[in-house]
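Structural overview for review
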Amino acid sequence: MLAEVRSAQARRIAVIRQVIPAVVCVFGPNPAAGGGAGVLLSPDGLAVTNFHVVAATGEHGLAGLSDGRLYPWKLVGVDPGGDLAVIQLTGRDAFPYASLGDSDRLAPGDGVLAMGNPFALAEDYTPSVSLGIVSGVHRYQGGEGGSNLLVYGDAIQVDSSINPGNSGGPLFTLDGKVVGINGRASFAERGRVNVGLGYAIPSNQIANFLGDLLATRTCRHATLDATFRDQGPAPRSRVICDALDRESALARAGLQLGDRLISVAGVPIRTANQLAGLITTLPAGWTVEVVWESGGRQRRAAIALDALPYKVPPRPPVPRMRPATRPATQPATAPVPAARPYPDPFGLATAGVIRNPALNQRLAQALLARALSGSGAAAEPVQSGAAGAWLAQPAATFSHLRIEGSARVAGGPAIELSGRQPQRGPFVAWFDTDLAHPHLLAYSPADASGRPRDVPAPQAAPAPAPAVAYPLAAIPSLLRRTVKIRGAGIGAEVGYASGIIISPDGDVLTAAGVYTADPNLKVVLADGTVVPAMVWRRSDALQTVWLKIPVKTPDYFNLSAQPRGRPGDWVLAVGNPFQVAQGPEPLSITAGVICARAAIGLRKRLQDLPLEGDVLLVDAIVANPGAPGGALVDLQGDLLGMVGKVAESRATGTRINYAIPADALDAFVHGRPIPGVGDQGRPGVPDVRPAQTGIRLFTLAGNRTPAFVDAVVPGSPAAQAGLAKDDLLLAIAGREVRHVADAQKALAGLSVGRTVTILVKRGNSVLTLSVTPREKGRP
Amino acid sequence: MIRNRSSGCRAGRRWRWGAKLPYRGLIGAACLLGIGSLTLAQTAPAGPSARGLARPEIPSMLDSDLPAVVRAAAQVIRPSVVTIETFGDIGFADPTAPGNTPGNAPGGGRGPRSPQPMLGLAEPGAGPCTGLIISPDGYIITSTYNFLRRPQVITITLADGTQYVAHLLGRDDTRGVCLLKINVPAGRELAVPTLVDPADLKVGQWAIALGVGYGTATPAVSVRIISGLKRIFGRAVQTDARISPANYGGPLIDIEGRVIGICVPLSPQAGPAPPGMLAGAAGVGWYDSGVGFAVPLAGADAARWFDKLKAGQDLRPGRMGVLVSPSAAEPGEMPGAGPATRPASAHPVPAGLIIRQVQPGSAAAKAGLQPGDIMTAVAGRPAASLAELKTVLAHYVAGDTIPLTVRRGGKNLSLSITLEPAE
């Protein structure tokens, strides 16, 4: 068993060692000012990062690689809408590079590695690496301040550690392919520190925009010039057209208000949110096939996607000094206020325009040269016919080269390049988005103005890919057995949580919280159905609430399974932290191990929680708003416990990740005594006779001094136990004694005849003594 | 393909996909029309850009053999992990404990480990802390987080349940560790763990953190990987296992049960603490964030500071008292850049750090450094940037004397500097 673990570990170490040289620490001109990360995608130094990283550093800067050296970089293109940017490193003949994978193949549970420079810890520019799993796919995180900037419309949610400084860095699969660029995370009360939710831009979206980025444009994102909404309750809701611009391509193709949308670009549309997320991944100018239903008939059309304009905020006028043109004896002119345009280095206002034609041409030449040299993994045979003859020409014979931008060819993203060739004349060619090994996808001669004679058809949807397989067979049923809960929040307490279904008859457990007091409490099932919920019972000892919902639920957790969970065992936590999942969207999954099972004192801020009994402590982060009430399961999908309400440990003072064990929940639900809870088995009536031990404390120095024993009454219980003068009391009956006041309080609380343990320090030893108090006044 | 249309205006469009040709005729067509074009099916390569239909096997993080291995490794280290409890109010030093001076305790009111609210914690906890036995005669190492002030009474509980009184010896503020000693009864030898050579560590290997901070009898575990090596100027290993007060002072081990380092809160902004926070509390704000640190116990440096701590010395970061800037710097260029970025003409100034200012009365002033000097080597190692200087100085503490090579007026001088503590 150790051998298998060692070899799997060695494989992971080898993959990291192979890809880490391609990971970049991106700085501005001064590395000491901090920065983000990026990843190289081609040997000539082209790297992808986040737009917000270069927005902070500027249009040029320095980049550190794991060889310990800094290389200058220059900005190539930006995508402010999707938070992407391409930069070009220089200073080396051949840079190490990574390759993009297929982000559509990812499923929750897949292992991922996030690499970057959190907190700028990489003094030697070796990036930090964090291991985690995919928590969710196609997640939506809106733009800054409701704008259409930095929109993560189709993000991969991960629980590998993403912190400030990881921005722009790659997300790798465990076989070394870049499936995302990390750029956002959910932060809450702890400030800008990872709490288990990070978001990455998927590699398929990056491939869509790569052509426009290389063309040195400020990318623009697509819009349908129409809005859609869900009609009818989940799960049988339809997406219908709510508003439509009469000039839009959709309207001109015949779409009408109220028509039902079926698919866009080959992707079936299930909800309006999903459509909104899909559109954010598409560049403006692409043509995609849209299928809709109008008056009972299915219709389809090729729709050219319009561009969503960026809103550049206005800047107030700034007073400006005119340069002195008169002799120094004359006073300079008074400041003249003049409205200045907002500094717009990234061209938000002129998005779409080629900003740097010279750089564009150099990149076009490099791309073409690499493609013609057949530096792909498998050299393509030269095709017969005119295209073959074109391919056989040396790169130097091509002129007027220009990268035009992104295009959609054969149902996938391509880089469009135009140019001229002495024998063949003007042409347009389309390459795939593998920058290191570009392959020709299509080619067409062009007319004098550069218009291609033949245009690749907007492909009908490719053959449907097989359903994505989850790495664990149990995951789909976990997602059906766990629910979202909505209620009212108060102040800092949120009004949403998770819940677990524990029977086929509509029994749901969730964590105690203010939202359960809401008379309009709702439970949202996995398919999006919303049902009202009623509180049936509460347990203060378990801080758990039992709800009833009026539907049958064939998917449920079996509380009596109670798998044995030992420290070190893997766990998955299923829930809805930060309400990332809405409606029928799947819940989030995070992974970790069981740390321990123990009774632990909990508090919420400064107030102790009345929680009793053991809890399962885990290192998957579940102490987030929305996660309590969620399921904690083993890899087979059996319930280990229910995620507890957000609380801190009295022992460590930190937020604690824990779950109420399934056996305690089972006992609660069946009305049995809960293990470890309450004063079970304590016979008789409490004894209120005053007790004495014979201990005299040294009190002359005050109440807050250490509890030294000044004298022991001869023949007293303390004397019989062996207590002596100058002993220092450390603990009485398990309670820590810090000073005289603590000791007096503890001694006053003892009962006649009940033996207690007293811990004392004598010299250099710690002794445990047993003392049985007697009634005061009696010998 | 339209590229130069200004946003929002449709008039400037030249042509669009499909506009030239009737669209319906192209539905379902898998290839381009027109002479001389290539069909997509023929040229689409089988390389990485093809839309493969079969999902390649993607390995998972959740190695099902790992839990048993983790438990076995925890068993291996268990005899060396100890529970530390402290008693007595601050402000009253135990006169019998070596190293306690009245100046240690600025006045109290709260528990020994909870002087003031710290980063990220509303109210620090009051539970036990973790330590590790590092020698058979009773030396125990733990994190300074638990000993920000000198508590009056310290007790150690070993794995077998026996309890001893411990004394605090030295504190290493540069690494966040401190040394305790218990008097082991004659004939008893404590279990000492095996250490991993830091040179053998690999980014991506499993790392397991153990701690008793929750009050459990058996140490709680957290499992992830090694994220980075030589962090905090070479002092610590970085891990994304959950490091927090629950395991500060406890060991970070590999899957064989060997010690990688001691879990401690650290931050690159170590040094003089902000007002209101004691030195040694920096970094606790990153608890459970997936950025955690462990200080290795093996290596040449470790032996040196272990001896100093044994002697009861407190180790503080050493400072020189100078303002420097890299000698090879030009606007937009940094030393360490690749050769292609250096200007063609050779730079006449040697690579090193130019002294811009010398603080009066500081270690640098006493060593005889002057503004304009160029430091070319510190303790025998080149230091051409501030980061490199800090990495070299991380091997030393206040009170160490190190040699410097300095260029002044065209001549090379050998000076020596005794580092002083940062206030």
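Cut-offs used in this document
Residues numbered from 1 in each chain as written. Chains lettered and ligands numbered in written order. Predicted model: local features only at pLDDT ≥ 70, side-chain atom pairs only at ≥ 80, totals over all residues. Heavy atoms only, no water. Helix = DSSP H or I, 4+ residues; strand = E, 2+ residues; numbered from the N terminus. Buried < 20%, exposed > 50% of the residue type's maximum accessible area, 1.4 Å probe, protein only. Contact = heavy atoms within 4.5 Å. Areas by Shrake-Rupley, 256 points an atom, 1.4 Å probe, with all protein chains shown as cover. Salt bridge = Lys/Arg side-chain N within 4 Å of Asp/Glu carboxyl O. Core = buried A, V, L, I, M, F, W, Y, C linked by side-chain atoms within 4.5 Å. Pairing = 2+ DSSP bridges. Phe/Tyr/Trp six-rings, centres within 6.5 Å; stacked < 30°, edge-to-face > 60°. Lys NZ or Arg CZ within 6 Å of the ring centre and 35° of its normal. Axes fitted to C-alpha atoms, helices over the stretch in contact; angles between N-to-C directions. Expected span 1.5 Å × (residues − 1). Arc of directions from axis to C-beta. pLDDT = per-residue confidence, 0-100. Disulfide = S-S within 2.5 Å.

1. Topic: the overall build of chain B
Along chain B, the regular secondary structure elements total six helices and 20 strands. Within chain B, the proportion of its 423 residues that are buried is 53%. Restricting to contacts in chain B with at least 6 residues of sequence separation, those with at least 24 account for 66%.

2. Focus on the overall build of chain A
A count of helical and extended segments in chain A gives eleven helices and 50 strands. The 779 residues of chain A split such that 57% are buried. Long-range pairs, those at least 24 residues apart, make up 61% of the contacts in chain A between residues at least 6 apart in sequence. Accessible surface, chain A as shown: approximately 30,700 Å² in total, 53% of it carbon and sulfur.

3. Observations concerning unusual backbone geometry
A cis amide bond links alanine 234 of chain A to the next residue, proline 235 of chain A, at an omega of 0 degrees. Secondary-structure assignment places proline 235 of chain A in the loop between β14 (226-231) and β15 (238-244). The residue phenylalanine 233 of chain B is not glycine, and still its phi comes out positive at about 55 degrees.

4. Some thoughts on the environment of glutamine 141 of chain A
Residue and element names in this part refer to chain A. Along the chain, the position of glutamine 141 falls in strand β8 (residues 128-141). Sequence spacing of glutamine 141 and glycine 153 is twelve residues, and the spatial spacing of their C-alpha atoms is 6.1 Å. Not counting residues up to four positions away in its chain, the partners in contact with glutamine 141 are Leu150, Val151, Tyr152, Arg184, Ser186, Tyr199 and Val580.

5. A closer look at the pattern of salt bridges
Residues and elements named next belong to chain A. All chains considered together, the criterion is met by 31 salt bridges over all chains. Among the salt bridges present, the one from glutamate 404 reaches arginine 402, with a minimum N-O distance of 3.3 Å. Salt-bridge contacts for lysine 725 lead to aspartate 710; the nearest nitrogen and oxygen are separated by 3.6 Å. Taken as a pair, lysine 725 in the loop between α10 (717-721) and β46 (728-732) and aspartate 710 in strand β45 (residues 709-712) lie far apart in primary sequence, 15 residues in all.

6. What about the nonpolar core?
Judged by nonpolar contacts, the single largest core of 183 residues is most densely connected at Leu89, Leu509 and Leu572 of chain A. Formed by 24 residues, the second largest nonpolar core is a distinct cluster that contains Leu224, Leu282, Ala301 and Leu305 of chain A.

7. Quick notes on the pairing of strand β25 (residues 425-431) of chain A
Residues and elements named next belong to chain A. With six of its seven residues buried, β25 lies for the most part within the structure. Sheet topology note: the strand β24 (residues 412-421)/β25 ladder contains seven bridges and is antiparallel. Of the residues in β25, the one forming a bridge with leucine 417 is alanine 429. Here β24 hands over to β25 after three residues, the two strands then running antiparallel side by side.

8. Overview of the packing of aromatic side chains
Counted by the stated rule, this structure contains eleven aromatic pairs over all chains. Taken together, the aromatic side chains of Phe119 of chain A together with Trp286 and Phe293 of chain B make up a single cluster linked through ring pairs. For arginine 12 of chain A, the ring lying beneath its charged end belongs to tryptophan 206 of chain B, and the centroid distance is 4.1 Å. Arginine 190 of chain A extends its terminal NZ or CZ atom over the ring of tyrosine 287 of chain B, reaching a point 3.8 Å from the ring centre.

9. Observations regarding the sheet that holds strand β4 (residues 60-64) of chain A
Backbone hydrogen bonds are what pair the strands of a sheet, in a parallel or an antiparallel way. Residue and element names in this part refer to chain A. Strands sit in the order β1-β2-β3-β6-β5-β4 around a closed barrel of six strands; the barrel is antiparallel. Across this sheet, the average inter-strand angle for adjacent strands is 40 degrees, counted without regard to direction. In the sheet, strand β3 (residues 46-49) pairs with strand β6 (residues 84-89) via four bridges, with the strands oriented antiparallel. By the bridge assignment, valine 48 is partnered in β6 with valine 86.

10. Things to note about helix α6 (residues 357-372) of chain A
Residue and element names in this part refer to chain A. Relative to the 22 Å expected for 16 residues at 1.5 Å per residue, α6 spans 22 Å between its end C-alpha atoms, a close match to the ideal helical length. Looking at α6, one finds that the buried residues are Leu359, Asn360, Leu363, Ala364, Leu367, Leu368, Arg370 and Ala371. Here the buried residues of α6 occupy an arc of 165 degrees about the axis, which is enough to place them on one side.

11. Comments concerning the sheet that holds strand β10 (residues 251-253) of chain B
Residue and element names in this part refer to chain B. Around the barrel, which closes on itself, the six strands sit in the order β7-β8-β9-β12-β11-β10 with antiparallel pairing between neighbours. The average undirected angle you get between the axes of adjacent strands in this sheet is 45 degrees. Sheet topology note: the strand β7 (residues 206-211)/β10 ladder contains two bridges and is antiparallel. Across the sheet, isoleucine 208 pairs through a bridge with isoleucine 253, a residue of β10. Against the sheet, helix α2 (residues 66-77) engages β7, β8 (220-230), β10 and β11 (259-264), with an angle of about 50 degrees to β7.

12. A few points about the side chain of threonine 142 of chain B
Position of threonine 142 of chain B among the secondary structure elements: in strand β3 (residues 139-143). Excluding anything up to four places from it in sequence, threonine 142 of chain B contacts Ile84, Thr130, Gly131, Phe147, Gly176, Val177, Cys178, Leu180 and Gly249 of chain B.

13. Let's talk about helix α11 (residues 740-748) of chain A
Residue and element names in this part refer to chain A. For α11, every residue scored as buried is listed here: Val740, Ala743, Ala746 and Leu747. Summarising the axial view, the buried residues of α11 lie within an arc of 130 degrees, below the 170-degree limit, and thus occupy one face. Opposite the buried face of α11, by more than 90 degrees, sit the exposed residues Lys745 and Ala748. Its buried side turned inward, α11 meets β44 (695-697) and β46.

14. Thoughts on the confidence of the model for chain B
Model confidence for chain B is summarised by a mean pLDDT of 74, while 69% of its residues fall at 70 or above. Between residues 271-279 of chain B, whose pLDDT stays under 50, and residues either more than four places distant or in other chains, the model counts twelve contacts.

15. Details of the confidence of the model for chain A
In the predicted model, chain A carries a mean pLDDT of 88, and the fraction of residues at 70 or more is 91%. Scored below 50 in pLDDT, residues 375-385 of chain A makes 15 contacts in the model with residues more than four places away or belonging to other chains.

16. Here we look at the environment of glycine 676 of chain A
Mapped onto the elements of the fold, glycine 676 of chain A is located in the loop between α9 (662-669) and β43 (691-692). Separated by 63 residues in the primary sequence, glycine 676 of chain A and glycine 613 of chain A have C-alpha atoms spaced 4.5 Å apart.

17. A short note on the state of the cysteines
Residues and elements named next belong to chain B. Evaluation of the coordinates by the stated rule reveals zero disulfides over all chains. The thiol of cysteine 129 is unpaired, and the distance to the nearest cysteine sulfur, on cysteine 178, comes to 8.6 Å. For cysteine 129, a relative accessible area of 1% gives the class buried.

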